[in-house]
Amino acid sequence: MAFRAQPFRRNFLPLHKFLESMENQLQIYNTLSRKKEVFEPLHPGKVGLYVCGPTVYGKAHLGHARPAVTYDLLFRYLKHIGYKVRYVRNITDVGHLANDADEGEDKIAKKARLDELEPMEVVQIYTNDYHKNMQMLNALPPSIEPRATGHIIEQIQTVEQILAAGYAYESNGSVYFDVAKYAKDYPYGELSGRKIEDLQCNTRVLDGQDEKRSSLDFAIWKKASPEHIMRWPSKWSDGFPGWHLECTAMSCKYLGETFDIHGGGMDLTFPHHEAEIAQAKAAHGKDAVRYWMHNNMITLNGQKMGKSLGNAISLEEFFTGEHPLLEKAYNPMTIRFFMLMAHYRSTLDFSNEALQAAEKGMERLLKAVETLDKLEAKAESTVDVKSLRNKCYEAMNDDLNSPIAIAHLFDGVKMINSIADGKASISADDLEQLKSLYSTFVFDLFGLKKAEEQSSSNNEAYEHAIDLLLQLRMEAKANKDWATSDKIRDELAKLGFEVKDTKDGFSWELK
């Protein structure tokens, strides 16, 4: 007997009602409790979100893209389900010393010395680079992006609060957090699962740190050595704040002494975020953060990718393909989709094969969206759009499980293709729901761009490249380097470009 697809009975809630029902179903994995918890904001309808941003002393790389895409997804989803979100992401532009320690040269000052620049020139160059790359990845800008150097007063005030509470001490012009004293009153190591007894046994005394009472103690204010460029006056010394302090001071300033979510890379869990917890409790007598979220690492052959390890591939190199490990250039949307295809708490290992698989998957998804716009509605549906919508939202509510949501969208691609091939039918109401679902997830939540928008972005870069070549040709002509000038013109001609010299410079077109 031939099977005949039966129509589905629909009972769609209006979108705003459906999203209201989603608001109290979001579960987030809290690193502090080591379990998924239902997200309930401190203030109904509002969310305070703080994310650790970059230390700007080098080009943005793939490791920077992981937290950017992770917390952009969170930011977009929270807003989508109805919350008003204040998203704060800092820029570290002072105090982050080499090897993340209390001794050594400031990373930015070191780069400034090597490049013969002012430290703030280094900061500006690489902040601009970071912003440009985040824009290419279509990561929304945060609500507030504070810099450490713009909040020295707040950091000094936090040091004073910690000293007044008895959890810090001054030594030779520097101020150190007293971990042993704190650990008598609060559980130091609760976020990372470390125990202070084990830390004390496994920590060696380092040269130059004899001004500390214990090698576990960390600087919250550091006296500047004579050659240290970046310094500010304080009652203790001319110096600079410890790296861990800025996030405590700035999150408190913009989100309050207690706020909802703090995010960052898993590598920051200890000592950075552990120190933040301790500083906040010491200064204010209570926990600052209600939910701690951590994205996992990008790895290259199993090793964390990062500037300090010397194995980082910059985002610019991914976009141009100019790196020996890259087989080709990759569109920023391919990088973004590559990130979303793995859960944010899982390790993501880089390979050309994985990126190319992501590229094909994204193209298939975007092609289905194009097909969706061409579908014609019928009297009744033989497809279950409501179930697909519910599954996608259930995945997102399960700790932002984007790979599962994407898998459901690919199931929907089969549905779309079946309708296009005449093997299934869809009603007008269901068609609008399906279009809304794909527009919401593919573009609004996952932040992908339509194929034509990606092409427009690529065309702009391509036009700039041609202009640059012809500008070099003009300089060669001005220097009477006719051989180079002719070579650029002739090679472009072979590729189909017609170059014309004009009184204002040049013009070109592709024949």
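Residues numbered from 1 in each chain as written. Predicted model: local features only at pLDDT ≥ 70, side-chain atom pairs only at ≥ 80, totals over all residues. Heavy atoms only, no water.

Enquirer: Describe the overall build of the chain, listing the residues and the values that go with them.
Expert: A count of helices and strands for the chain gives 17 helices and 15 strands. Taken over the C-alpha atoms alone, the chain extends approximately 85 × 75 × 35 Å along its principal axes. Out of the 511 residues belonging to the chain, those deemed buried represent 50%. Long-range pairs, those at least 24 residues apart, make up 75% of the contacts in the chain between residues at least 6 apart in sequence. Surface accessibility of the chain: about 24100 Å² in total, with carbon and sulfur atoms responsible for 49%. Separation of charge centres in the chain, based on 63 positive and 74 negative side chains, amounts to 4 Å. (Helix = DSSP H or I, 4+ residues; strand = E, 2+ residues; numbered from the N terminus. Buried < 20%, exposed > 50% of the residue type's maximum accessible area, 1.4 Å probe, protein only. Contact = heavy atoms within 4.5 Å. Areas by Shrake-Rupley, 256 points an atom, 1.4 Å probe, with all protein chains shown as cover. Lys, Arg positive; Asp, Glu negative; His and termini not counted. Charge placed at Lys NZ, Arg CZ, Asp CG, Glu CD.)

Enquirer: Would you mind going over helix α8 (residues 245-255) in detail, with residue names and values included?
Expert: Taken across its 11 residues, α8 has eight buried, putting it largely inside the fold. Among the residues of α8, those classed as buried are L245, E246, C247, T248, A249, M250, S251 and L255. Just past α8, the residue G256 takes up positive phi, approximately 100°.

Enquirer: Got a sec to walk through the sheet that holds strand β6 (residues 174-177)? Specific residues and values, please.
Expert: Across a sheet, strands are paired by hydrogen bonds formed along the backbone, either parallel or antiparallel in direction. Ordered in space as β5-β6-β7-β8, the four strands form an open sheet in which the pairing is antiparallel. Each having just a single partner strand, β5 (168-171) and β8 (239-241) make up the two edges of the open sheet. Each neighbouring strand pair of the sheet contributes to a mean axis angle of 20°, computed without reference to strand direction. For β5 and β6, the ladder comprises four bridges, and the chain directions are antiparallel. (Pairing = 2+ DSSP bridges. Axes fitted to C-alpha atoms, helices over the stretch in contact; angles between N-to-C directions.)

Enquirer: Give a description of the pairing of strand β4 (residues 84-89) that names residues and reports values.
Expert: Strand direction decides the pairing type here: strand β3 (residues 46-51) and β4, joined by six bridges, are parallel. Considered in β4, the bridge of L49 is made with Y87. Note that the unit made of β3, helix α2 (residues 62-80) and β4 has a crossover that is right-handed. (Right-handed = clockwise from strand over helix to strand, strands pointing away.)

Enquirer: If you had to explain the pattern of salt bridges to someone new, which residues and values would you point to?
Expert: Per the stated rule, a full pass over the model turns up 25 salt bridges. Its salt-bridge partner being R89, residue E145 comes within 3.2 Å of it at the nearest N-O pair. With E145 in the loop between α4 (119-136) and α5 (152-164) and R89 in strand β4, this residue pair connects regions lying 56 residues apart in the sequence. The partner of R113 in a salt bridge is E105, and the shortest N-O contact between them spans 2.9 Å. Three or more residues joined by partner-sharing salt bridges are found here, namely K59, D129 and E316. (Salt bridge = Lys/Arg side-chain N within 4 Å of Asp/Glu carboxyl O.)

Enquirer: Can you lay out the environment of G166 for me, pointing to particular residues and giving the numbers?
Expert: As for its position among the elements, G166 is in the loop between α5 and β5. Residues G166 and R345, spaced 179 residues apart in sequence, show a C-alpha to C-alpha distance of 37 Å.

Enquirer: Can you explain the pairing of β6? Please cite residues and give values.
Expert: A two-sided burial pattern is seen for β6, the buried positions comprising S174 and Y176 on one face and V175 and F177 on the other. Hairpin connection from β5 to β6: two residues lie between these consecutive antiparallel strands, with N172 at a positive phi of about 55°. Summarising the sheet, β6 and strand β7 (residues 218-223) pair through three bridges and their orientation is antiparallel. What sits directly across from V175, in β7, is W221.

Enquirer: Account for the sheet that holds β3, with residues named and values stated.
Expert: Judged by pairing direction, the sheet is parallel, and its four strands sit side by side in the order β4-β3-β9-β10 without closing on themselves. This sheet does not close on itself; its edge strands, each paired only once, are β4 and β10 (289-295). Between one strand and the next, the sheet's axes are offset by a mean angle of 20°, whatever the strand orientation. In the packing of α2 onto the sheet, contacts are made with β3, β4, β9 (259-265) and β10, and the angle to β10 comes to roughly 135°.

Enquirer: Please give an account of the side chain of T31 that cites residues and values.
Expert: Residue position: T31 is located in the loop between β1 (27-30) and β2 (35-38). Of the polar contacts made by the side chain of T31, one reaches the side chain of H294; its length is 2.8 Å. Sequence-distant contacts of T31, that is, excluding residues within four places in its chain, are made with L191, W292, M293 and H294. (Polar contact = N/O pair within 3.5 Å; in protein donor to acceptor, adjacent residues only side chain to side chain.)

Enquirer: An account of empty space enclosed by the protein is needed here, citing residue identities and associated values.
Expert: Applying the stated criterion across every chain yields a total of five cavities of 30 Å³ or more. F259, E276, A280, A288 and V289 are the residues nearest the centre of the largest cavity, which is lined by 14 residues in total. For the lining of the largest cavity, the secondary-structure elements that each account for two or more residues are α8, α9 (269-284) and β10. At four residues, the largest contribution of residues to the lining of the largest cavity is made by α9. Across the lining of the largest cavity, the residue classes break down as seven nonpolar, four polar and three charged. The calculated volume of the second largest cavity comes to roughly 70 Å³. Lining the second largest cavity are R66, V69, T70, L73, M339, L340, A342, H343, Y344, L400 and S402. Elements with a contribution of two residues or more to the lining of the second largest cavity: α2 and α11 (332-340). If you tally residues by element for the lining of the second largest cavity, the top one is α2, at four residues. Tallied by class, residues from the lining of the second largest cavity come to seven nonpolar, three polar and one charged. (1 Å grid on protein atoms, 1.4 Å probe; cavity = no way out; pocket = protein on both sides within 12 Å on 5 of 7 lines; lining within 4 Å. Points joined across faces, edges and corners; volume = space filled by probe spheres on them. Nonpolar A, V, L, I, M, F, W, Y, C, P; charged D, E, K, R; others polar.)

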